[in-house]
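# Residue-level structural notes
So the chains spell out like this:
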Amino acid sequence: MKLIEKIKKHDNIIVLLIITIVVSAMTFWVLAFANDELWAFSSIYKMVNGYTIYKDINVIITPLFYYVGEIFFRLFGSNYLVFRVYQTLIFIFMWFSVYQLFKALKVKKINSLLYLLGIMFVYRYVMAGSGFYNTYMVAFYIIGIILLIKEKFKPKTNAILQGIIIFLIFMSKQNMAVYYIIANIVYKIISNKNTKETIKSIFIELLTSFILLIIFLFTLYLNNNLYDFINYTILGIGEFAEENTTSSYIYIVAIQVVLLIAYMILAGIKKIPFENNIRKNIKILCIFSLSMIFFAYPIFNMYHMYIEAILTIVTTLYIIDKLIIETLLENKIVDIIKKVVIAIICIYFVCICVINNVNYIQCIYKKEPYFGAVFKEETVDEINEMVEYIKEENSKGYEVKILSYYSNLYMNVLNKNNGVMDLIFNGNMGKDGAEGVIKQIESSKNTKYLITKEEDNVYQESKKIREYVSNNLTQIGEISRFLIFE
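Residues numbered from 1 in each chain as written. Predicted model: local features only at pLDDT ≥ 70, side-chain atom pairs only at ≥ 80, totals over all residues. Heavy atoms only, no water.

With that settled, consider the environment of N359. Relative to the elements of secondary structure, N359 occurs in helix α17 (residues 332–363). Residues N359 and L16, spaced 343 residues apart in sequence, show a C-alpha to C-alpha distance of 24 Å. (Helix = DSSP H or I, 4+ residues; strand = E, 2+ residues; numbered from the N terminus.)

This is the structure:
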């Protein structure tokens, strides 16, 4: 009994340990290749090596993830191992915030842990090489919701804290701050009968976030980086939405919207034995879950669906807990079953953690900057081949620009940066878009341009730039996966 009481008392420490085991089981033993992880790593790596975000690097997201990552690299080293530790910590932060949300909702600790482990089991493959700015954004979103649920501080203090949360969400992913503000205002209007207090609270929140935003923008201005920040994070949005819209999993969004509206109606039915605070919590969760759905726009792929659905899943589990688990299924036998399930999931992840990380230690690449990465042998051969080719061409007086998402795979080794040409994705090229890059190509001299032999059908590479190179430059050869033009 004393042991159980100690576990209950120190549940946060125990849950943090469990989350760390679960996350580290999935974040290290991941094959490295040209994907989101490489591009995020490359941006931070370039920052550490003297290049400036936005001015020199075409990042289209607000910079919190990159700023913190740069500090991490400067403290512990600029390589893949440190980057994966950084990703692991971000995921731990996010999942711990989910656990704290369940606790704020007054869900029993054992149930909170069970639900958390269930969600993490479903999301286990999403944690592989994807702990980026989206993870920060979700964590801050959840912390903001916890503040609304708990109402622990005085109204003015709560409003200031919400303003800080809005700013942190903006700094994580700019468009989601807008959706958070809208959700926050909608909730306050429908739940607070005191119009004066509501307006005052909203004003303080927006004023706080606005002051922080002005300080941030002024810092960019002093560093002569304000225009570039606006150019990539705002002015390129039109092209991004126009060129990248997909609707593969939009039916999942439709299902979520129907569910969340049904939950709102459920919370309003007086005959259902919900306490007032539960009804209030369901409203908060539903409103913010609906706003989170906009995260998926315009790319309705599986990864975006996973991220935006986290709050909807929490809402669903909360309603099931209060409507069924807590009222109908709370007895000793069910309690034992819960503990057994928790134990099984924990044992599963401990085994996966040991197996994956033993494999990881045996297979890690040993050379900088990719120390800590896991590569296929052919990828290592390709990197070596391309690096030697670029060095040879440079010695002859030629610049080499690789117009492909593979570019950073080689540029990191060479400590080179070709700016926007290292990642020619639609929406990643600022207000001038593909036309701006084409003008750069037209005006360049002594430069060889490489494009992939096969057209990209996976990501969002600009077909316009590819067609321009194919139709207007002279093909002089090929190497590895690329065609060479001059």
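The discussion continues.
On to the sheet that holds strand β1 (residues 399–402). Read from one edge of the open sheet, 4 strands run β1-β2-β4-β3, paired in mixed fashion. Of all the strands in the sheet, the pair left with one neighbour each is β1 and β3 (475–479). The sheet shows a mean angle of 25° between the axes of neighbouring strands, direction not considered. Taken together, the 4 bridges between strand β2 (residues 447–452) and strand β4 (residues 482–485) define a ladder with antiparallel strand orientation. Within β4, the position partnered with T452 by the bridge is F482. Contacting β2 and β4, helix α21 (residues 463–472) crosses the sheet at an angle of about 120° to β2. (Pairing = 2+ DSSP bridges. Axes fitted to C-alpha atoms, helices over the stretch in contact; angles between N-to-C directions. Contact = heavy atoms within 4.5 Å.)

Another point: the packing of helix α5 (residues 80–104) against helix α16 (residues 310–328). Each packed pair of helices is defined by two parameters, the angle between the axes and the distance between the axes. Packing of α5 against α16 brings their axes to within 11 Å, and their N-to-C directions diverge by 30°. Here α5 is positioned roughly parallel relative to α16, judged by the angle of their axes. Note on packing geometry: the crossing formed by α5 with α16 is right-handed. Packed against α5, whose contacting residues are M94, V98, L101 and F102, the element α16 presents I310, L311, V314 and L317 at the interface. Residue classes in the contact of α5 with α16 are distributed as 8 nonpolar, no polar and no charged. (Parallel < 35°, antiparallel > 145°, perpendicular 65-115°, else oblique. Left-handed = near helix turned anticlockwise from the far one by under 90°. Nonpolar A, V, L, I, M, F, W, Y, C, P; charged D, E, K, R; others polar.)

Another aspect to go through is the nonpolar core. Judged by nonpolar contacts, the single largest core of 158 residues is most densely connected at F65, W95, L101, Y141, Y370, Y410 and I441. Examining the composition of this core, we find that 15 residues originate from one element, α5, more than from any other. The residues contacting L101, other than those within four sequence positions of it, are I142, I145, I146, I149, L285, L311 and V314. (Core = buried A, V, L, I, M, F, W, Y, C linked by side-chain atoms within 4.5 Å. Buried < 20%, exposed > 50% of the residue type's maximum accessible area, 1.4 Å probe, protein only.)

Two residues of an α-helix separated by three or four positions point the same way, owing to the 3.6 residues in each turn. Along its 17 residues, helix α14 (residues 276–292) runs 24 Å from first to last C-alpha, staying within 8% of the 24 Å computed at 1.5 Å per residue. For α14, the tally of buried residues reaches 12 of 17 residues, placing the bulk of the element in the interior. Every buried residue of α14 is listed here: I278, R279, N281, I282, I284, L285, C286, I287, F288, S289, S291 and M292. The inward-facing, buried residues of α14 contact α5, α7 (133–150), α9 (174–191), α13 (250–268), α15 (302–308) and α16. (Expected span 1.5 Å × (residues − 1).)

Take helix α8 (residues 155–172) next. Counted at 1.5 Å a residue, the expected span for α8 with its 18 residues is 26 Å, and the 25 Å between its end C-alpha atoms agrees. Of all the residues in α8, the buried ones are N158, A159, Q162, G163, I165, I166, F167, I169, F170, M171 and S172. Lining the buried residues of α8 we find α4 (64–76), α7, α9, α10 (195–222) and α11 (226–235).

A word on the pattern of salt bridges. For side chains of opposite charge, pairing can occur when their charged atoms come near one another. Applying the stated rule across the entire model yields 15 salt bridges. Across the pair K103 and D11 runs a salt bridge whose closest N-O atoms are separated by 3.0 Å. Of this pair, K103 sits in helix α5 while D11 sits in helix α2 (residues 11–27); the two residues are 92 residues apart in sequence, bridging distant segments of the chain. Classification of D11 by relative accessible area gives buried; the value is 7%. (Salt bridge = Lys/Arg side-chain N within 4 Å of Asp/Glu carboxyl O.)

Where like charges cluster on the molecular surface, the negative patch consists of E377, E378, D381 and E385. Secondary-structure assignment places E378 in helix α18 (residues 377–395). (Patch = residues over 30% accessible without salt bridge, like charges linked within 9 Å, V, L, I, M, F, W, Y side chains within 5 Å. Areas by Shrake-Rupley, 256 points an atom, 1.4 Å probe, with all protein chains shown as cover. Lys, Arg positive; Asp, Glu negative; His and termini not counted. Charge placed at Lys NZ, Arg CZ, Asp CG, Glu CD.)

With that settled, the discussion passes to the confidence of the model for the protein. The pLDDT averaged across the protein works out to 89; a share of 95% of its residues lies at or above 70. The secondary structure element of the protein with the lowest average pLDDT is helix α12 (residues 237–244), at 59, and the one with the highest is α4, at 96. (pLDDT = per-residue confidence, 0-100.)

With that settled, the discussion passes to the pairing of β2. Burial runs high along β2: 6 of the 6 residues are buried. Burial along β2 is two-sided: the residues T447, Y449 and I451 and K448, L450 and T452 are all buried.

Per the stated rule, a full pass over the model turns up 41 aromatic pairs. Pairing F41 with Y370 gives two aromatic rings, centres 6.2 Å apart and planes at 40°, and the pair type is tilted. Here F41, found in helix α3 (residues 36–48), pairs with Y370, found in the loop between α17 and α18; they are 329 residues apart in sequence, far enough to count as distant. With 6.3 Å between their ring centres and 25° between their planes, F218 and Y221 make a pair best called stacked. Residue F218 and its partner Y221 are located together in helix α10, separated by 3 residues, close to a single helical turn. The side chain of R124 reaches across the aromatic face of F121, ending 4.0 Å from its centre. Across the ring face of Y398, the terminal group of K448 is positioned such that the distance to the ring centre comes to 4.4 Å. (Phe/Tyr/Trp six-rings, centres within 6.5 Å; stacked < 30°, edge-to-face > 60°. Lys NZ or Arg CZ within 6 Å of the ring centre and 35° of its normal.)

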